[in-house]
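Notes for the structure review
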Amino acid sequence: MSNKELLESINRILSKNDAQILKYDGRDFDVDALCGEVIASTCDLDFLQSSYEDDEYIVLMCLKDDEIVAIFFGEIYEDDNYLESSYTCSSGKIRKIGELMRYYGFISVNENNPSIAIMSGSASGGIPAQKPDDSPRTEKKKNEKLLDYHIKRGAAVNRDNKLFSYAIDTVKKNVEKLASELGSAKKNKKRSKKKSKKTKKN
């Protein structure tokens, strides 16, 4: 599948949930509620609103009923040919929306600049989102779960540095798999072969 077809597949998945991915337009929203207090401490609304129009960033939002239910923030390093997946936040209202947002951002960047074929990031958060009052043991457990999440999806992971890295081909395969699982893949229409009627001669 081409990049455009992959992006269309993601859009079809979201349309079934009455949602859509758009470029972030600078609107206000509750970053704490969407991302959790830990991430919101470094990625606050002022930062997003002052960055989203810069060409070196890609900032996407997913809207459902005109409410932001997910956001992706990436920094584009054209000289080094990679995209940094800086922040991905979701409310959990749409299945796999965080994953889909990250893939959508990466494929969009790759479509504009094919030389950017790696997406890297720091898995410093956790599953579920970390809270300021988490104990060190809980924090570590949540972070390990996040690292395992990336490993299961084909990312190269450095557990010591808590870094993950995806190749574009891996992400494309992941989207194709999700499109099949979530029912957005286009089904090939089977052409029914018309049986030729043979006339019997008496």
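Structural notes, computed from the coordinates.

What counts and what doesn't
Residues numbered from 1 in each chain as written. Predicted model: local features only at pLDDT ≥ 70, side-chain atom pairs only at ≥ 80, totals over all residues. Heavy atoms only, no water. Patch = residues over 30% accessible without salt bridge, like charges linked within 9 Å, V, L, I, M, F, W, Y side chains within 5 Å. Areas by Shrake-Rupley, 256 points an atom, 1.4 Å probe, with all protein chains shown as cover. Salt bridge = Lys/Arg side-chain N within 4 Å of Asp/Glu carboxyl O. Lys, Arg positive; Asp, Glu negative; His and termini not counted. Charge placed at Lys NZ, Arg CZ, Asp CG, Glu CD. Helix = DSSP H or I, 4+ residues; strand = E, 2+ residues; numbered from the N terminus. Disulfide = S-S within 2.5 Å. Buried < 20%, exposed > 50% of the residue type's maximum accessible area, 1.4 Å probe, protein only. Phe/Tyr/Trp six-rings, centres within 6.5 Å; stacked < 30°, edge-to-face > 60°. Pairing = 2+ DSSP bridges. Axes fitted to C-alpha atoms, helices over the stretch in contact; angles between N-to-C directions. Contact = heavy atoms within 4.5 Å. Parallel < 35°, antiparallel > 145°, perpendicular 65-115°, else oblique. Left-handed = near helix turned anticlockwise from the far one by under 90°. Nonpolar A, V, L, I, M, F, W, Y, C, P; charged D, E, K, R; others polar.

Moving on: a positive patch on the surface. A cluster of like positive charges, contributed by Arg137, Lys141, Lys145 and Lys152, occupies part of the molecular surface. With respect to the secondary-structure elements, Lys152 resides in helix α6 (residues 136–152).

For the structure on display, the rule yields seven salt bridges. Through salt bridges with shared partners, a single network forms among Asp25, Arg27 and Asp66.

With that settled, the discussion passes to the state of the cysteines. Per the stated rule, a full pass over the model turns up one disulfide. Residue Cys35 pairs covalently with Cys89 via a disulfide, S to S 2.2 Å. Judged by the sign of its S-S torsion, about 110°, the cystine formed by Cys35 and Cys89 is right-handed. With Cys35 in helix α2 (residues 31–35) and Cys89 in strand β4 (residues 82–90), the pair connects residues that are 54 residues apart, well separated along the chain. For Cys35, a relative accessible area of 7% translates into the label buried. The exposure class of Cys89 is buried, given its relative accessible area of 3%. Left unpaired, Cys43 is separated from the closest cysteine sulfur, that of Cys35, by 5.7 Å. Here Cys43 falls in the buried class, since its relative accessible area comes to 2%.

Turning our attention to the packing of aromatic side chains. Counted according to the given criterion, the structure contains eight aromatic pairs. Of the aromatic side chains, those joined through ring pairs into one cluster are Phe47, Tyr57, Phe73 and Tyr87.

This part covers unusual backbone geometry. Positive phi is not limited to glycine here, since Asp18 has a value of about 55°. If you trace the backbone, Asp18 turns up in the loop between α1 (3–15) and β1 (19–23). For Asp18, a relative accessible area of 58% gives the class exposed.

With mixed pairing, seven strands are arranged side by side in an open sheet as β1-β2-β3-β4-β5-β7-β6. The sheet is open, and its two borders are formed by β1 and β6 (156–158), each paired with just one other strand. Along the sheet, successive strands turn relative to each other by an average axial angle of 25°, direction set aside. Pairing between β4 and strand β5 (residues 118–122): four bridges, direction parallel. Paired with Leu83 across the bridge in β5 is Met119. Lying on the sheet, helix α7 (residues 168–181) is in contact with β5 and β7 (163–167); it crosses β7 at an angle near 75°.

Once that is clear, we can look at the packing of α1 against helix α5 (residues 97–112). At a minimum axis distance of 10 Å, the contact between α1 and α5 shows a crossing angle of 155°. In terms of orientation, α1 lies roughly antiparallel with respect to α5. Handedness of the α1/α5 crossing: left-handed. Within the contact between the two elements, α1 uses Asn3, Lys4, Leu6, Leu7, Ile10, Asn11, Ile13 and Leu14 and α5 uses Ile97, Leu100, Tyr103, Tyr104, Ile107, Ser108, Asn110 and Glu111. Each residue belonging to the contact of α1 with α5 can be placed in one class, and the counts come to 10 nonpolar, four polar and two charged.

Turning our attention to the pairing of strand β2 (residues 57–64). Taken across its eight residues, β2 has seven buried, putting it largely inside the fold. Of the pairings in the sheet, the one linking β1 to β2 comprises five bridges and is antiparallel in character. Bridge pairing in β2 places Ile21 opposite Cys62. Bridge analysis of β2 against strand β3 (residues 67–77) gives eight bridges, and the strand direction is antiparallel. Residue pairing across strands places Cys62 opposite Ala70, the latter belonging to β3.

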